[in-house]
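# Residue-level structural notes
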Amino acid sequence: MIQFDDRRAVPFLREQELSSAGVRGLAAQRALVSGSGAGSDWLGWRDLLADPNDALLERIEHVATRLRAGANVIVVIGIGGSYLGAKALLAARTPYFKSSRSGPGGLLGGDSDSSGPEILFAGHHMSGRYMSELLAYLDGKSVYLIVISKSGTTLEPAIAFRILRQWLASKFDNTSERIVAITDAKYGALYSLAQKSGYEQFVIPDNVGGRFSVLTPVGLLPAACGGLDIKALFYGAVAQMNDIAASENNDSLRYAVLRHALLKSGYETELFAFFEPSLHYFAAWFQQLFAESEGKNHSGVFPTIAAYSTDLHSIGQYVQDGRRTLFETFLMIDPGGKTVIPDDRDDLDGLNYIAGRTLDGVNEKAYQGTAVAHEAGGVPNMTVRIHSLSEENLGRCLYFFEHAVSIGAYLLGVNPFDQPGVEAYKKEMFTALGKPDSAV
Ligand code: PA5
């Protein structure tokens, strides 16, 4: 279950502002649910939860079992919505330490459970150093590739896939058995390549945009390869959608309305903060979801992320005391760890006052202190809380934020499901690269 706490945000808003945003939010939610809002042909991410395809979930698990049995390393190739959801899920659930993994933010950014293959990522940037170090690292290992691109023409994953499949062909026979492609149902360069080469193929439904695709094979296959229970994940999202449907005045709507009212009151930047480092990529997924959905027509909250308590020692001063245009959303997990701070006979470090407490309990107090101090310093803040980082709760969080961002975009009067702005840099980049008009 998700708990939502807005007590430290409401005092920053005028009653009138909040109630007017509330009325408009309700209308926005009705437009989303009835499919009458802008971009309503992109609501497949809701349809697939309303009518779960268990046969597809089982096929994904079956393919993941094959890859897990054969691979030392699975390289997942993709960018943006074809990368961040899988990365978020794997990073959230993977043990922090395993001899072969680099950890969240590590150079190779690897993820894996303790028993299965290592999951690495490529095609999410164009660092030549990363690619050459990756190829060196893969040498001598049994490698499988999952390549994900709806358009099939995105430059970063297309280049990475060309390099990696040629490397694979130089090392193994029958390389097509080592490649799984997740593509559009009918079109695109990757679709054609997969068809011609006989790769195992999964489809990104036509009516699901990249950043809303985490609960399709795009997020689910890498997650299953990392040992996650994808049925629990998927049905967690289904449960959250049903809970939300049960009450028009639900917390996801409330969160969307408060964000909007805060924006209108001058709080233009949302700091999405967490106290568990493994949530870093969940926050990155959140950031893309909100930035690409809302940032249009010169409007929208600017979403950024903070890893506390680490970042309290870097941006904490600014948050407490800098320009008053920030609000915070904390994603919290109930303290559950068993690591206890030991008693010390001499107490030279003066920590005996917290001896016997768990480290997670102290982390929770750091959150409580931060929320109080930031509110006092003029930073409205809200908390989304889950009991544990289970697959079910992760699924619930995915839907909670997808629902909220759709309402948020409708409140701004923009289409949540397009991203016309990201084409501008691509156009200039292709001009600089001399891409011919005839190229795909
Ligand atoms: O949300 C989006 O639509 C984007 O982030 C895309 O997912 C990203 O650009 C990758 O696109 P593609 O899957 O076509 O390679």
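Anything mentioned here points back to the structure above.
Residues numbered from 1 in each chain as written. Predicted model: local features only at pLDDT ≥ 70, side-chain atom pairs only at ≥ 80, totals over all residues. Heavy atoms only, no water.

## What about the overall build of the protein?
Tallying secondary structure elements over the protein gives 15 helices and ten strands in all. Computed over C-alpha atoms, the radius of gyration of the protein comes to 22 Å, within 12% of the 22 Å expected from 2.2 N^0.38 for 440 residues, which places it in the range of a compact globule. Taking all 440 residues of the protein together, the buried fraction comes to 51%. Intrachain contacts of the protein at a sequence separation of at least 6 include 77% that bridge at least 24 residues. Accessible area of the protein: about 19,200 Å², with a carbon and sulfur share of 52%. (Helix = DSSP H or I, 4+ residues; strand = E, 2+ residues; numbered from the N terminus. Rg over C-alpha atoms; globule rule 2.2 N^0.38 Å. Buried < 20%, exposed > 50% of the residue type's maximum accessible area, 1.4 Å probe, protein only. Contact = heavy atoms within 4.5 Å. Areas by Shrake-Rupley, 256 points an atom, 1.4 Å probe, with all protein chains shown as cover.)

## Looking at the packing of helix H9 (residues 230–246) against helix H14 (residues 391–412)
For the pair H9 and H14, the least separation of the axes is 6 Å and the interaxial angle reads 45°. Classified by the angle between their axes, H9 and H14 sit oblique to one another. When you trace H9 past H14, the crossing you get is right-handed. For the pair H9 and H14, contact is made by Ala232, Leu233, Gly236, Ala237, Ala239, Gln240, Met241, Asp243 and Ile244 and by Glu391, Glu392, Leu394, Gly395, Arg396, Leu398, Tyr399, Phe400 and His403, respectively. Here the residues of the contact of H9 with H14 sort into ten nonpolar, four polar and four charged. (Axes fitted to C-alpha atoms, helices over the stretch in contact; angles between N-to-C directions. Parallel < 35°, antiparallel > 145°, perpendicular 65-115°, else oblique. Left-handed = near helix turned anticlockwise from the far one by under 90°. Nonpolar A, V, L, I, M, F, W, Y, C, P; charged D, E, K, R; others polar.)

## A word on the site of the ligand
Around the ligand, 13 residues are found, and the nearest of them are Ser82, Ser149, Ser151, Thr154 and Gln288. Gly81 is positioned such that a nitrogen or oxygen atom in its backbone is 3.0 Å from an oxygen atom of the ligand. One nitrogen or oxygen atom from the side chain of Ser82 is found 2.7 Å from an oxygen atom belonging to the ligand. Taken by itself the ligand offers 380 Å² of open surface, and the protein chains cover 87% of this. Residues of the shell around the ligand, tallied by class, amount to one nonpolar, nine polar and three charged. (Near = heavy atom within 4 Å. Polar contact = N/O pair within 3.5 Å; in protein donor to acceptor, adjacent residues only side chain to side chain.)

## Re the pairing of strand S9 (residues 326–333)
Every regular strand shows the same layout, with side chains that alternate between the two sheet faces. Taking burial as the measure, the eight residues of S9 include eight buried ones, the bulk of the element. Neither face of S9 is left uncovered, since the one carrying Leu326, Glu328, Phe330 and Met332 and the one carrying Phe327, Thr329, Leu331 and Ile333 both have all their residues buried. Judged from the six bridges that link them, strand S7 (residues 269–274) and S9 form a sheet pairing that is parallel. Note on S9: the bridge partner recorded for Phe274 is Leu331. With six bridges joining them, S9 and strand S10 (residues 381–386) adopt parallel strand pairing. Residue pairing across strands places Leu331 opposite Val384, the latter belonging to S10. Read as a crossover between parallel neighbours, the route from S9 over helix H13 (residues 359–376) to S10 is right-handed. (Pairing = 2+ DSSP bridges. Right-handed = clockwise from strand over helix to strand, strands pointing away.)

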